[in-house]
Amino acid sequence: MSDEKSMQALLGDEAVAVGALHAGLSAAYGYPGTPSTEILEYLLETYKKQREKAEAKPGNFSARWCSNEKTALEAALGVSFAGRRSIVTMKHVGLNVAGDPFMNGALLGIKGGLVLAVADDPGMHSSQGEQDSRYYAAFAMVPCLEPRTQQEAYDMTREAFEISERFHVPVMLRLVTRLSHARSGVRLQKEREANPLSRITDKTEWMLLPAFARRNYARLIEKQKEIAEWAEAHPANKLEPSAGAAGRGPPPQTGKKDLVVITSGLGGNYYEENLADLAASRGSSPSRLHIGAYPLPVESIRKLCEGAETALVIEEGQPFIEERLRGILPQSIAIAGKLGDGRGGPGVAPRTGELDPDNVRRALGLPPRPNILSVIKTGTFPSSLPNRPPQLCQGCPHGNSYETIRKAMAGFDPALSAVTSDIGCYSLGAMPPYEVPESIVCMGASIGMAKGAVDSGLKYVTAVIGDSTFIHSGITALIDAAAANAAMTVAILDNSIVAMTGCQDTMVPSDKLETLIRGLGVESDHLVVLETKKQLVEENAKLLRKEIEYPGLSVVIFRRECLEAARKRSRAKKA
Ligand code: SF4
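Model, not experiment: these values are computed from the prediction.

1. Re the domain arrangement of the protein
Part 1: With domains assigned, the protein is organised as domain 1 (3-233), domain 2 (238-370) and domain 3 (397-567).
Part 2: Summarising the inter-unit geometry, the C-alpha centres of domain 2 and domain 3 are found 49 Å apart.

What follows is the structure, encoded as structure tokens:
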């Protein structure tokens, strides 16, 4: 690799994609979800170039969006079965969908390296929860790597494949929004060749029939010692002794330590931003352990905390390390972090939202920095920045759909009616001026919830779901509703694209949707397709109301292309 090529400015997500390609990746799968989307976008671009050069053929690198995270992970398992390397990308809540193959994947004899790049969204910039994926890795008993820089994202992705093949388990790469979406220079290493096709030979490794599964589970537990030793020795788990403040010379290294610090992920960067001030205020910096490879390096933690009064944990996400410390350290050592004293009081670090240099500074007991950002954040300076809640694009077809739904539902007894909604751009219909949806829970929940609501006695229930979310996880709930001929209406807002995450293609194009829905058991007479248009709102509302009043299952498709997708298409045509 030439010098020019060996250094690139990459987003964290792109660093993962390039790291995977350079590790000899054979296949990549995923479902779009902020902040993970750019990983597969990058890999798809590589695949597209390969196709343009007519190099795409079975066995060469390929990348695909999938119907959901579960199907994506299952495809990756198939690649591993064939002896090749694969990566699966998803956001944190996507791992709930892929939970089944993820947990069981840990019991298989993984052959080709299999890496899950899971991007958490602390602060819920574009999510329904702050779920911390490190819990999933611990639950499945598989290694997890947590990069804190774009360089580490690249290096750790490469390493994750090696680890996966060494321990024969899937490996998780835990990312967070600020790392995924920030750009930095990354030094690239020599590319590795892809694994040759070499499928597994011992079928019992991959058949989780009880007799084999019991054996495999026992073996996974046996592996934990070796995995723990790997984590303990990992260079990303770095123990740094106390050091003197600049110009004051090193402090004594022995004796009582009032404070030791454990950092992980981006928490380590924010800690370091405050380190000079911390050292100056104390006369020395506290001893510190940074954790980047899991399971937790228990011996290093004990060594760090020996003789300490307080261990302060600075970690992005949920108090994963902090909770576990309580089982590792003696009672005499106080643990500070997000959880407080265990009696419900607040911790020194924020329990919700993202870490940043200012709230980490507060956790360290330092006074606020005298800069304008800090002043605005701490609220001591009146901020007049206007609040800008997210909104549907001007002219978005969902706006007309919601006007239609609101008119169609008008006049029904509110005590007997409901509109359940789902995840996508159309969630924004919950905001003014529409304010139509009454529930938004998780991908596909609108249809299942609507069925439960009518089973419970509600009479006029409409489930709103996008075409892509419907394919992701609405189909199975519609099968339930069709089997029971539940008296409800499903409104599919079909804009022919996965809009919210940047206009990825849907798995089932619009012209195939009706055939699919009929195949699930929905009566043709109650499958209605409406053109979504401002001029047709009144007329469409009457048709929709008729279906809502029908005492059985109906599906109404509102169809019009997403404006953003149409713009992209026309730009691509001109290019
Ligand atoms: S991206 Fe498309 S679907 Fe989303 S709000 Fe804009 S126009 Fe509507």
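2. Some details on the nonpolar core
Part 1: Judged by nonpolar contacts, the single largest core of 102 residues is most densely connected at Val115, Ala117, Leu173 and Ile314.
Part 2: The residue makeup of this core includes at least three contributed by each of domain 1 (3-233) and domain 2 (238-370).
Part 3: Listed in part, the 52 residues of the second largest apolar core include Ala481, Ile492, Ile548 and Ile557.

3. Side note on the sheet that holds strand E4 (residues 85-91)
Part 1: Spatially, E3-E2-E4-E5-E7-E6-E14 is the arrangement adopted by the seven strands of the open sheet, whose pairing is mixed. Looking along the sheet, the strands with just one partner apiece sit at the ends: strand E3 (62-65) and strand E14 (293-294).
Part 2: The pairing of strand E6 (residues 144-145) with E14 spans two bridges and is classified as antiparallel. Note that in E14 the partner of Leu145 across the bridge is Ala293.
Part 3: Along the sheet face, helix H3 (residues 37-52) touches strand E2 (25-30), E3, E4 and strand E5 (114-120) and points at about 130° away from the line of E3.

4. Comments concerning the environment of Ile314
Part 1: Structurally, the position occupied by Ile314 is in strand E15 (residues 308-314).
Part 2: C-beta crowding within 10 Å serves as the criterion here: with 30 such atoms nearby, Ile314 is assigned to the buried category.
Part 3: Aside from chain neighbours lying at most four places away, what touches Ile314 is Val261, Thr263, Gly267, Tyr270, Tyr271, Ala349, Leu355, Val360 and Ala363.

5. As for the packing of helix H2 (residues 12-22) against helix H8 (residues 150-167)
Part 1: At a closest axis distance of 7 Å, the pairing of H2 and H8 adopts a crossing angle of 30°. Taken together, the axes of H2 and H8 are roughly parallel relative to one another. For the pair H2 and H8, the sense of crossing is right-handed. Contacts between H2 and H8 pair Gly12, Ala15, Val16, Val18, Gly19, Ala20 and His22 from the former with Gln150, Ala153, Tyr154, Asp155, Thr157 and Arg158 from the latter.

6. So, helix H13 (residues 298-305)
Part 1: For H13, the set of buried residues is Ser300, Ile301, Leu304 and Cys305. Here the buried residues of H13 occupy an arc of 125° about the axis, which is enough to place them on one side.
Part 2: The secondary structure elements touched by the buried residues of H13 are helix H10 (210-233), strand E9 (238-240), strand E11 (257-264), strand E13 (287-291), E15 and helix H14 (320-325).

7. A few points about the sheet that holds strand E18 (residues 439-440)
The pairing of strands in a sheet comes from backbone hydrogen bonds and takes either a parallel or an antiparallel form.
Part 1: Read from one edge to the other, the open sheet built from six strands follows the order E18-E17-E19-E20-E22-E21, with strand pairing classed as parallel. Of all the strands in the sheet, the pair left with one neighbour each is E18 and strand E21 (527-531).
Part 2: Note: strand E17 (residues 417-421) against strand E19 (residues 460-466), four bridges, orientation parallel. Among the inter-strand pairings, Ser417 is bridged to a residue of E19, identified as Tyr460.
Part 3: The strands touched by helix H19 (residues 467-483) are E19 and strand E20 (489-494); relative to E19, the strand with the most contacts, the crossing angle is about 135°.

8. Re the environment of Val313
Part 1: Positionally, Val313 belongs in strand E15.
Part 2: The buried category is assigned to Val313, around which 28 C-beta atoms lie within 10 Å.
Part 3: When the C-alpha positions of Val313 and Leu325 are compared, they lie 9.3 Å apart, and in sequence the two are 12 residues distant.
Part 4: With sequence-adjacent residues up to four places away left out, Val313 is seen in contact with Ile262, Ile321, Glu322, Leu325, Ile335 and Gly337.

9. Examining unusual backbone geometry
When glycine is set aside, most residues are seen to have a negative phi, and most peptide bonds are trans.
Part 1: Residue Pro295 is bonded to the preceding Tyr294 through a cis peptide linkage, with omega at 15°.
Part 2: Position of Pro295 among the secondary structure elements: in the loop between E14 and H13.
Part 3: Non-glycine residue Glu435 carries a positive phi angle of around 50°.
Part 4: Taking the number of C-beta atoms within 10 Å as the measure of exposure, Glu435 has 11 and is therefore exposed.
Part 5: Although it is not a glycine, Asn485 sits at a positive phi angle of roughly 40°.
Part 6: Position of Asn485 among the secondary structure elements: in the loop between H19 and E20.
Part 7: On the basis of neighbour count, Asn485 is assigned to the partly exposed category, with 14 C-beta atoms found within 10 Å.

10. Some details on the packing of helix H17 (residues 397-409) against helix H21 (residues 537-549)
Part 1: Running from N to C, H17 and H21 cross one another at 55°; their axes reach a closest spacing of 8 Å. Between H17 and H21, the interaxial angle falls into the category oblique. In this structure, the crossing between H17 and H21 has a hand that is right-handed. In contact with Asn400, Glu403, Thr404, Ile405, Lys407 and Ala408 of H17, H21 contributes Val537, Asn540, Ala541, Leu544, Arg545 and Ile548.
Part 2: Residues of the contact of H17 with H21, tallied by class, amount to six nonpolar, three polar and three charged.

11. Thoughts on the environment of Tyr402
Part 1: Checked against the element boundaries, Tyr402 lands in helix H17.
Part 2: Residue class for Tyr402 comes out buried when judged on the 28 C-beta atoms lying within 10 Å of it.
Part 3: The spacing of Tyr402 and Val454 is 52 residues in sequence and 21 Å in space, taken between C-alpha atoms.
Part 4: Dropping the residues within four chain positions of it, Tyr402 is found in contact with Gly429, Tyr434 and Val436.

12. Re the confidence of the model for the protein
Part 1: The share of residues in the protein with pLDDT of 70 or more is 93%, and the mean pLDDT across the chain is 93.
Part 2: In this model, residues 247-254 is a region of pLDDT below 50 whose contacts with residues beyond four sequence positions or in other chains number 10 contacts.

13. Structural notes on the pairing of E4
Part 1: Of all seven residues in E4, seven are buried, a share of seventy percent or more.
Part 2: Here E4 shows no split at all, with Arg85, Ile87, Thr89 and Lys91 on one side and Ser86, Val88 and Met90 on the other all buried.
Part 3: Where E2 lies against E4, five bridges are found, and the strand directions are parallel. Opposite Leu25, over in E4, you have Arg85 as the bridge partner.
Part 4: Judged from the six bridges that link them, E4 and E5 form a sheet pairing that is parallel.

Rules used throughout
- Residues numbered from 1 in each chain as written.
- Predicted model: local features only at pLDDT ≥ 70, side-chain atom pairs only at ≥ 80, totals over all residues.
- Domains from an automatic or database assignment.
- Core = buried A, V, L, I, M, F, W, Y, C linked by C-beta atoms within 7 Å.
- Buried ≥ 20, exposed ≤ 12 C-beta atoms within 10 Å, placed from the backbone.
- Pairing = 2+ DSSP bridges.
- Helix = DSSP H or I, 4+ residues; strand = E, 2+ residues; numbered from the N terminus.
- Contact = placed C-beta atoms within 7 Å.
- Axes fitted to C-alpha atoms, helices over the stretch in contact; angles between N-to-C directions.
- Parallel < 35°, antiparallel > 145°, perpendicular 65-115°, else oblique.
- Left-handed = near helix turned anticlockwise from the far one by under 90°.
- Arc of directions from axis to C-beta.
- Nonpolar A, V, L, I, M, F, W, Y, C, P; charged D, E, K, R; others polar.
- pLDDT = per-residue confidence, 0-100.

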